[in-house]
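# Summary of the model geometry
Here's the letter readout for the chains.
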Amino acid sequence: MQNKWWKPWLLLSPSLTAVFLLLVIPVCFVVVYSFWLRAPTGADIPAFQFGNYAKFFVDLFYPTVLIRTIRVALETVALCLVLGYIPAYFFYRTRSRVRPFLLLLIMLPFWISFIIRTLSWINILGDTGLINHFLIKSGLIAEPLSMLYNEGAVLLGLIQYLLPFMILNVYVSLEAIDKSLAEAARSLGCTEWQAFKEITLPLSLPGVSAGCLLVFVLTSGSYLPPMILGGPGNDMIANLVFKRIIGTLDWPFGSAISVILLSLLIIIIYTYNRYLGINQLFKSFQ
Amino acid sequence: MKLISGWSLIRLYTILVYVFMFAPIAAVIILSFNPQQFGSFPMEGFSLKWYVKLAQNHTILAAFKNSLILGACTAVLVTLVGIPAAMAFVRYDFYGKNTLNTLLLAPIMIPEVVLGVALLLFIRWLQQPKSFLLLLIGHVVITLPYVLLVVQARLVTIKREYEEAALVLGANPLQTFREITLPLLMPAIFAGMLFAFTISFDDVTATLFWATARNQTVPVKIFGMLRNSISPEINALGAVMIFLTISILLMAGFLSRRFTRGRNN
């Protein structure tokens, strides 16, 4: 074996340079900028003060958005779990020959443009969309129901985006379970449901928690679904960042909001890693 | 008897989830053929007029060109950066390995908005204009974790003995890599490049921060068009993108089968 100590570092140098230069240092800049002042003229003044953070918490407006972000993320996690566990279990148990095809199909949305998937809901929920069209045609309603630009529409967009992540995480974890364990429980007199509840379900929990973490993290940072499917009252943290930076060019305040978002995620990921270990998470990508 | 009904409920549930996932996408494709002025139901005939209109729209064609070039450059660059890193993680033991691996995978977990702001802020501090290069390096950071995961997963399955045999027989490390490791790694490299291309091609949020009017990508262009309202033209553009990604996938599946034919995986 070639055991020169510098070899791995040589191999790693391009990627480490890239990540340090393009990720670590820029994120440090965001943190530094979040303490700066914004002059009335729009210029940024180097400073060390907590005014931007105070501005976030002094008013009820911004904390409401933060709480809404967390609430929507939790709702998305719960709905993805409810919608995702059963299909994952189906893939695990089915003996159908089309199983590889079905698995491929559930991966397909990963490859389809995110913005197209998000805006596709307008065709379903809009005033002239599929649902209203059928409801009016069948005579159930006279005026189109207004289903877009509310939290429900945002949730639908988020679920459609994140459900494959949940299904794959749960499936990867289920697939690792030895099927003979449940069979043994069955032969010892358990019912199918008991065998599932006592054996399969507990053993699949690592995948469930990894899926929940991933869905939570991806939801709390998401910008597009609230932007396209939500109304003015459905903004999440990422929308605030975008509005402050691109809209009003308030870099220090925008940076402070970014830091708050990042801190929320770091706390959650850190806690998760502490108690459950993060490695399970990356299995589903492979 | 009870068991069968339970199982058929599970199957029905799964089918409904599939309907939920794919109905909106199907609606995009169907409505893109609707000749009506507004992108909505009911369908009034079948027409390709929105596709024709699309093909005549120069800004959209320009955006397509930008997206393709950007995706291809990202795929090549990120592979060149990613493969050595994957080799280091799988083939060597060194201090801080796990921490560094987590660091390189971190962009998956960091919200794109934050990535977008961070890099833009840095570029602004360096007093550089937004450019194609900014988009390229940004997309490399976003796609690097995926390439790393794909290549590492494959590299773990390639037995070290093959490389050791080549070394024993007198090949130098570079020759060993070129003659043994690289060919065995080809499917993963190919998959990684495809992954990187698609992610770059589809990326919206971070790209919104980095793009300028001159180097818009297709998703950014769609985002701009959407501000007005959803038109059949957007549906047609969406359908084109769906067809494009699916055909790339099918082609990739076909090619990878040819790549690996006769080799045992």
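Within every chain, residues take consecutive numbers counted from 1 along the sequence as written. For naming, the first written chain is A and the first written ligand is 1, with later ones following in the order written. Reporting in this predicted model follows two pLDDT cut-offs: at least 70 for local features of residues, and 80 or more for side-chain atom pairs to be given and counted; totals over whole chains, interfaces and linings ignore these cut-offs and use all residues. In computing side-chain properties, one takes all heavy atoms of the structure into account and sets aside hydrogens as well as water.

### As for the overall build of chain A
Quick note on the threshold: Put simply, DSSP H or I for four residues or longer makes a helix, DSSP E for two residues or longer makes a strand, and each gets a number counted from the N terminus. Only protein chains enter the accessibility calculation, which uses a 1.4 Å probe; a residue whose area is less than 20% of its type maximum is buried, one above 50% is exposed, and one in between is partly exposed. Should any heavy atoms of two residues lie within 4.5 Å, those residues are counted as being in contact. Residue-level accessible areas treat just the shown protein chains as cover; the underlying method is Shrake-Rupley with a 1.4 Å probe. The charge count includes Lys and Arg as positive and Asp and Glu as negative, but it does not include His or the ends of the chains. The atom standing in for a charge is NZ when the residue is Lys, CZ when it is Arg, CG when it is Asp and CD when it is Glu.
Summing up its helical and strand segments, chain A has 13 helices and two strands in all. Counting only C-alpha atoms and orienting by the principal axes, one finds that chain A spans roughly 75 × 75 × 30 Å. Burial analysis of chain A (286 residues in total) assigns 54% to the buried set. Taking contacts inside chain A between residues at least 6 apart in sequence as the whole, the part at least 24 apart equals 69%. Only carbon and sulfur atoms are counted for the fraction: they give 70% of the accessible area of chain A, which is about 13,200 Å². Of the charged side chains in chain A, 19 are positive and 13 negative, and the gap between their average positions amounts to 9 Å.

### Description of the overall build of chain B
When helices and strands are tallied, chain B shows 11 helices and zero strands. In chain B, the succession of α and β elements from N to C terminus is α-α-α-α-α-α-α-α-α-α-α. Judged by the C-alpha coordinates and their principal axes, chain B covers about 70 × 70 × 35 Å. A buried classification covers 52% of the 265 residues belonging to chain B. Of all intrachain contacts in chain B linking residues separated by at least 6 positions in sequence, the fraction that spans at least 24 positions is 72%.

### Comments concerning the packing of helix H11 (residues 237-247) of chain A against helix H12 (residues 251-275) of chain A
Residues and elements named next belong to chain A. Threshold: Here, axes are lines fitted to C-alpha atoms. For helices the fit covers the stretch in contact, and angles between N-to-C directions go from 0 to 180 degrees. Here roughly perpendicular refers to angles of 65 to 115 degrees, roughly parallel to angles under 35, roughly antiparallel to angles over 145, and oblique to all remaining angles. Handedness of a crossing is defined here by the sense of rotation of the near helix relative to the far one, left-handed for an anticlockwise turn of less than a right angle and right-handed for a clockwise turn. Three categories are distinguished: nonpolar for Ala, Val, Leu, Ile, Met, Phe, Trp, Tyr, Cys and Pro, charged for Asp, Glu, Lys and Arg, and polar for the others, with Gly belonging to the last.
Close contact between H11 and H12 brings their axes to 8 Å; oriented N to C, the two are set at 165°. Between H11 and H12, the angle is such that the two are roughly antiparallel. Relative to H12, H11 is oriented so that their crossing is left-handed. Every residue of H12 that contacts H11 at Ile-237, Leu-240, Val-241, Arg-244 and Ile-245 is listed here: Trp-251, Phe-253, Gly-254, Ser-255, Ile-257, Ser-258 and Leu-261. Looking at the contact of H11 with H12, its residues break down into eight nonpolar, three polar and one charged.

### Quick notes on the interface of chain B and chain A
Accessible area lost upon the coming together of the parts is a frequently used measure of interface size. Here is the rule: As a working definition, buried area equals the accessible area (1.4 Å probe) given up by two parts on being put together, with both sides summed. Definition used for salt bridges: Asp or Glu carboxyl oxygen within 4 Å of a side-chain nitrogen of Lys or Arg. As used in this structure description, the phrase polar contact means that two N or O atoms lie within 3.5 Å; if the pair is within protein, one of them must be able to donate a hydrogen and the other to accept it, and residues adjacent in sequence are counted only when both atoms belong to side chains.
Taken together, the contact pairs 82 residues of chain B with 86 residues of chain A. Of the roughly 7,800 Å² buried between chain B and chain A on both sides combined, carbon and sulfur atoms contribute 84%. Between A:Asp44 and B:Arg124 there is a salt bridge, and its shortest N-O distance comes to 2.4 Å. Here chain B is connected to chain A by six residue pairs in polar contact (both at pLDDT 80 or more).

### Let's talk about the packing of helix H5 (residues 112-125) of chain B against helix H6 (residues 132-157) of chain B
Residues and elements named next belong to chain B. Interaxial distance between H5 and H6 falls to 11 Å at its minimum, and their mutual angle equals 140°. Comparing the axis directions of H5 and H6 gives the class oblique. Once H5 is placed against H6, the crossing between them reads as right-handed. In contact with Leu-115, Leu-119, Leu-120 and Ile-123 of H5, H6 contributes Leu-134, Ile-137, Gly-138 and Ile-142. Counted by class, the contact of H5 with H6 contains seven nonpolar, one polar and no charged residues.

### Notes on the environment of B:Met109
Residues and elements named next belong to chain B. With respect to the helices and strands, the residue Met-109 is situated in the loop between helix H4 (97-105) and H5. Met-109 gets classed as buried once you look at its relative accessible area, which sits at 10%. Sequence-wise, Met-109 and Met-43 are 66 residues apart; in three dimensions their C-alpha atoms are separated by 41 Å.

### Here's the deal with empty space enclosed by the protein
Formally: Computed over the protein atoms alone on a 1 Å grid, cavities are sets of points where a 1.4 Å probe fits but cannot get out and pockets are open sets with protein on both sides within 12 Å along at least five of seven lines; a residue lines them when it has an atom within 4 Å of a point. Grid points are joined across faces, edges and corners, and a volume is the space filled by probe spheres set on the points.
A complete count under the given rule lists one cavity of 30 Å³ or more for this structure. A volume near 50 Å³ is recorded for the largest cavity. Lining the largest cavity are A:Leu22, A:Leu23, B:Leu115, B:Leu119, B:Gly138, B:Val141, B:Ile142 and B:Trp210. Per element, the largest residue contribution to the lining of the largest cavity is three residues, and it comes from H6(B). Classifying every residue of the lining of the largest cavity by side-chain character gives seven nonpolar, one polar and no charged.

### Focus on the nonpolar core
Keep this limit in mind: Take the buried Ala, Val, Leu, Ile, Met, Phe, Trp, Tyr and Cys residues and link them wherever side-chain atoms come within 4.5 Å; each set so joined is a nonpolar core.
Grouped together as the largest cluster of nonpolar side chains are 174 residues, with contacts concentrated most on A:Leu12, A:Phe56, A:Ile115, B:Trp210 and B:Ile222. Setting aside residues up to four positions removed in sequence, A:Leu12 forms contacts with B:Ala85, B:Ala88, B:Phe89, B:Phe94, B:Leu100 and B:Leu104. Core analysis: the second largest hydrophobic core is formed by five residues, A:Val72, A:Val154, A:Leu158 and A:Met236 among them.

### A few points about unusual backbone geometry
Of note, the phi angle at A:Tyr149 is positive, near 60°, even though the residue is not glycine. Mapped onto the elements of the fold, A:Tyr149 is located in the loop between helix H6 (130-137) and helix H7 (151-175).

### Looking at the packing of aromatic side chains
We count it as follows: Between rings of Phe, Tyr and Trp, where Trp is taken as its six-membered ring, a pair exists when centres lie within 6.5 Å; planes separated by under 30 degrees are stacked, by over 60 edge-to-face, and by other angles tilted. Consider the ring centre and the ring normal. A charge sits over the ring if Lys NZ or Arg CZ is within 6 Å of that centre and within 35 degrees of that normal.
Under the criterion given, the structure shown has 35 aromatic pairs over all chains. A ring pair is formed by B:Phe64 and B:Phe201, whose centres lie 6.3 Å apart and whose planes are at 50°; its orientation type is tilted. Here B:Phe201 lies in helix H8 (residues 173-202) and B:Phe64 lies in helix H3 (residues 58-91), a separation of 137 residues in the sequence. Accessibility assignment for this pair places B:Phe64 and B:Phe201 in one class, buried. Through pairs of rings, three or more aromatic residues link up here, namely A:Phe90, A:Phe91, A:Tyr171, B:Trp7, B:Tyr18 and B:Phe22. The ring of A:Phe253 carries the charged tip of A:Lys55 above its face, separated from the ring centre by 4.2 Å. Across from the ring centre of A:Tyr275, 6.0 Å away, lies the NZ or CZ of A:Arg274, which sits over that ring.

Everything listed here is a matter of coordinates, which is why it stays silent on function.
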